[in-house]
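# Observations on the model geometry
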Amino acid sequence: MKEHINNLTSSTRPTVTIFTAVRSFSGSIGRKQTLAIRSWLGLSQDIRVVLFSKDPSVFSFAGSFGYGSRVSVEPTIDFTFLGTPFFHSMVARAQASTSDISVLMDSETILLPDFFSTLSYVHKLDHDWLFIASSRNVSDFPFHLDVDGKHWLGDNNKMVKMEKLQEFLSNGKWEHCDDKKTIIAWDNGELPLHNGVLPPFLYGKGFHTLWMINEALSSNFRFVFDASWTISSFFINNIYNNATMEARNWENVGNSHLGAFYGSLFFHEDHYNYSNLIKLFKCDKHYHFGSTIDNIVYPLGVFRSSKHTKLSTCFDKLKPKGNTGCSTKNQLMSLEPISLPFSLELLLSTRADQNKTIVLAVAGYSYKDMLMSWVCRLHLLNVSNFVVCALDDEIYDFSILQGLPVFRDKLAPNNISYDDCHFGTNCFQRVTKVKSRVVLEILKLGYNLLMSDVDVYWFKNPLPLLTTFGPAVFLAQSDEYKITGPINLPRRLNSGFYYAHSDNSTIAALEKVVKHASLSNLSEQPSFYDTLCGLNGSNRLGDDMCHEPETNLTIRFLDRNLFPNGAYQDFWDSNNVSSTCMKKGCFVLHNNWISGRQKKLERQVSSGLWEYDISMRMCLQTWQRSKSISYF
């Protein structure tokens, strides 16, 4: 410890990037965020601000600072389907910063000038560090910033001295245990923040700051300390909406599961709280480090008040008054089940696009990684109207923790080994029949539907094209692999990618498919063809269509150059699969006609058509693609 704080090196002023997740810039929240961010920018020209959001009002706010300003918007991190940002993705983006120091903090937290002077001091430490700083809650703040954001003014527009601001702030209430109201900062040095991988915590939903500090202390890579007494930070009268918190309690439950099952927080939490951290404090204009637990001030050794009266007075102010611990042991021990409080009808109504169209994926746990790569790809294409049908409890829990709009199919078959659930197996035959039944249920609720297996890679959004065909037309991928000849030959309709309208003809035809599949010992795919195109193709029209006479439904097989299957023209064997497909104008490419989940996964990853970092459990983003990514 002593060498950490004794050996300081001279350095120029540090460059600092503050990262924050923001909400819409409207109403009182918008005003509080504006005041806070202006307070940051006024501290130094060396501070830049990055706003995590996809909200149009946030882009407008950043744009108000002008071209080349120190405020930018970063939409390319992971969010849940309800817009909650993921803490692990925020941290990863902050770690990718080229500034000397990265800071994560709440968008309503106001800073006073001692923030930057503290960063300037700790920047000189010769060891990589990580600190937290708790903020205060004040009921009222009767001051405002001048035009430049550098000086605080009173009601008479006269400049307020810093001593008066500090005095006013001293009446505020410390928020030591509020994750969102805790500032986290670190130098972008060579050492990792902690050992292991940060779980996909939802930001502001509990445990993430406590978990991170606990792992940083346990890993012993960095000097970890509390800078609350040298950084004046506060927020104004933050009153949470209890009804909203209750409705979103499942997000907190998810974080508690992650806190309990990953890392060492569950085992160490009883022995650790913020009061145990080494404190950075200031006395007589000089910075010092001290431990209130051991009653030691560094680097002076064991504290002797008789020789250091002034330091003693400063140090005593750090000692906790009452219980300042942040015990969450009970929450980690008694975990509630993870569950989304949405019925299928409600989920569909919140996810459908303006044409009442839904994209559906159906997956079991062994396909979780392919599901996430598929989801990440849709995020990149700005396709948000998708939902996931979970075939088992494991993928349901996993999907919730990954922020997906998921529902559990209660009628899915049980006791199935999903590791071996690939084409041709009994498991595959049973599971595929779930898909057509779920599709029929969604169609009957009034939603058009694009069914897409998770092994279908999307190059571009096919919905604008597919929706032009109108009602009573069923569009499906062809599984024919021969380059020439008809593409509607018997058993060549692929039920892993198709588009269906919610109309009487389509619903009646799908009811026939579901009934046929329930009586068959095969998968659902032959039932689609035999029902819609007739046994041996008796209902075929030309080389690429069928007509089901009882329901008057037209079936069109999609152009294979635009919607190729996994065997057509050997796309998957190309040196550059993406380039080859894009030249053909592909909308999607199906990763089928290969046996086994592992081979399918390896083929897709090696081709570069992969959008998910399995080890980090987050989508690949442009700011991290230059780094080495681990898939297995």
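In the nomenclature of an unreviewed UniProt entry, the protein chain corresponds to Nucleotide-diphospho-sugar transferase domain-containing protein from the organism Lactuca saligna.

### Quick word on helix α15 (residues 393–401)
Taken together, the buried positions of α15 are occupied by I395, Y396, F398, S399, I400 and L401. Here the buried face of α15 lies against α9 (249–261), β16 (357–363), α14 (368–380), β17 (386–390), β18 (406–408) and β27 (612–613). For α15, the N-terminal cap is D392; the gap from its side-chain oxygen to the backbone nitrogen of E394 is 3.2 Å. Trailing α15 by a residue or two, G403 shows a phi angle of about 75 degrees, which is positive.

### Observations concerning the pairing of strand β24 (residues 545–548)
Pairing of strand β23 (residues 540–541) with β24 involves two bridges; the strand directions are antiparallel. Pairing of R540 across the sheet is with C546, part of β24. Hairpin geometry of β23 and β24 is characterised by an intervening segment of three residues between the two adjacent antiparallel strands and by a positive phi of about 65 degrees at G542. The sheet contact formed by β24 and strand β25 (residues 553–557) spans four bridges and is antiparallel. Across the sheet, the residue bridging to C546 is I555, located in β25. Counted along the chain from β24 to the antiparallel partner β25, the turn is four residues long, and its residue N552 has a positive phi close to 60 degrees.

### Here's the deal with the side chain of S57
Along the polypeptide, S57 turns up in helix α3 (residues 56–63). At a separation of 2.6 Å, a polar atom in the side chain of S57 contacts the side chain of D55. Apart from residues lying up to four places away in sequence, S57 is in contact with S24 and F25.

### Quick notes on the pairing of strand β1 (residues 16–21)
Burial within β1 is extensive, with six of its six residues counted as buried. Side chains V16, I18 and T20 project from β1 onto one buried face, and the interleaved T17, F19 and A21 project onto a second face that is buried too.

### Remarks on unusual backbone geometry
Here the phi dihedral of N295 falls at roughly 55 degrees; this positive angle occurs in a residue that is not glycine. For N295, the location among the structural elements is in the loop between β14 (286–291) and β15 (296–298). We note that W593 has phi near 60 degrees; this positive angle belongs to a residue other than glycine. With respect to the secondary-structure elements, W593 resides in the loop between β26 (588–590) and α21 (597–607). With relative accessibility at 40%, the residue W593 sits in the partly exposed group.

### Considering the packing of aromatic side chains
One pass over the full model with this rule turns up 29 aromatic pairs. Following the ring pairs from residue to residue traces out a cluster consisting of W129, F131, F223, F225 and F289. Above the plane of the ring of Y365 lies K368, whose end atom (NZ or CZ) is 4.6 Å from the centre. The ring centre of F587 lies 4.5 Å from the NZ or CZ of K460, which sits over that ring.

### Considerations on the nonpolar core
Within the largest apolar cluster, 117 residues are counted, with the highest numbers of intra-cluster contacts made by L360, L371, W374, W458 and F474. Counting residues per element, this core draws most heavily on α14, which supplies seven residues. Dropping the residues within four chain positions of it, L371 is found in contact with A361, A363, V388, I395, S399, L404 and V454. With 55 residues, the next largest nonpolar core counts I47, F115, F143 and Y298 among its residues.

### Side note on the side chain of E74
Positionally, E74 belongs in strand β3 (residues 71–74). Residue classification places E74 among the buried residues on the basis of a relative accessible area of 11%. In this structure E74 touches V50, L51, F52, S53, R93 and W623, once residues within four positions along its chain are discounted.

### Topic: the pattern of salt bridges
Summed over all chains, the structure comprises 17 salt bridges. Ionic pairing is found between E74 and R93, a salt bridge with its closest N-O pair at 2.8 Å. Within this pair, whereas E74 is found in strand β3, its partner R93 is found in helix α4 (residues 87–95), the two being separated by 19 residues in sequence. Assigned by exposure class, E74 and R93 land together as buried. Measuring nitrogen to oxygen at the nearest pair gives 2.9 Å for the salt bridge that ties K444 to E511. Residue K444 is found in helix α16 (residues 426–444), and its partner E511 is found in helix α18 (residues 504–518); the two are separated by 67 residues along the sequence.

### A word on the state of the cysteines
A disulfide bridge is the covalent bond that connects two cysteines by way of their sulfur atoms. As enumerated under the stated definition, the model contains three disulfides in all. The disulfide partner of C283 is C314, and the gap between their sulfur atoms is 2.2 Å. Taking the sign of the S-S torsion, about 65 degrees here, the bridge from C283 to C314 comes out right-handed. Residue C283 is located in strand β13 (residues 278–283), and its partner C314 is located in helix α11 (residues 309–316); the two are separated by 31 residues in the primary sequence.

### Focus: the packing of α14 against α15
Axes are the key here: two packed helices are described by the angle between their axes and the distance separating the axes. It is the contact of α14 with α15, at a shortest axis distance of 11 Å, that shows an interaxial angle of 35 degrees. In this structure, α14 crosses over α15, and the sense of that crossing is right-handed. Counted together, K368, L371 and M372 of α14 and I395, F398 and S399 of α15 form the full contact between these two elements. Among the residues making up the contact of α14 with α15, the classes are represented as four nonpolar, one polar and one charged.

Reading the values: the criteria
- Residues numbered from 1 in each chain as written.
- Predicted model: local features only at pLDDT ≥ 70, side-chain atom pairs only at ≥ 80, totals over all residues.
- Heavy atoms only, no water.
- Buried < 20%, exposed > 50% of the residue type's maximum accessible area, 1.4 Å probe, protein only.
- Helix = DSSP H or I, 4+ residues; strand = E, 2+ residues; numbered from the N terminus.
- Contact = heavy atoms within 4.5 Å.
- Polar contact = N/O pair within 3.5 Å; in protein donor to acceptor, adjacent residues only side chain to side chain.
- Pairing = 2+ DSSP bridges.
- Phe/Tyr/Trp six-rings, centres within 6.5 Å; stacked < 30°, edge-to-face > 60°.
- Lys NZ or Arg CZ within 6 Å of the ring centre and 35° of its normal.
- Core = buried A, V, L, I, M, F, W, Y, C linked by side-chain atoms within 4.5 Å.
- Salt bridge = Lys/Arg side-chain N within 4 Å of Asp/Glu carboxyl O.
- Disulfide = S-S within 2.5 Å.
- Axes fitted to C-alpha atoms, helices over the stretch in contact; angles between N-to-C directions.
- Left-handed = near helix turned anticlockwise from the far one by under 90°.
- Nonpolar A, V, L, I, M, F, W, Y, C, P; charged D, E, K, R; others polar.

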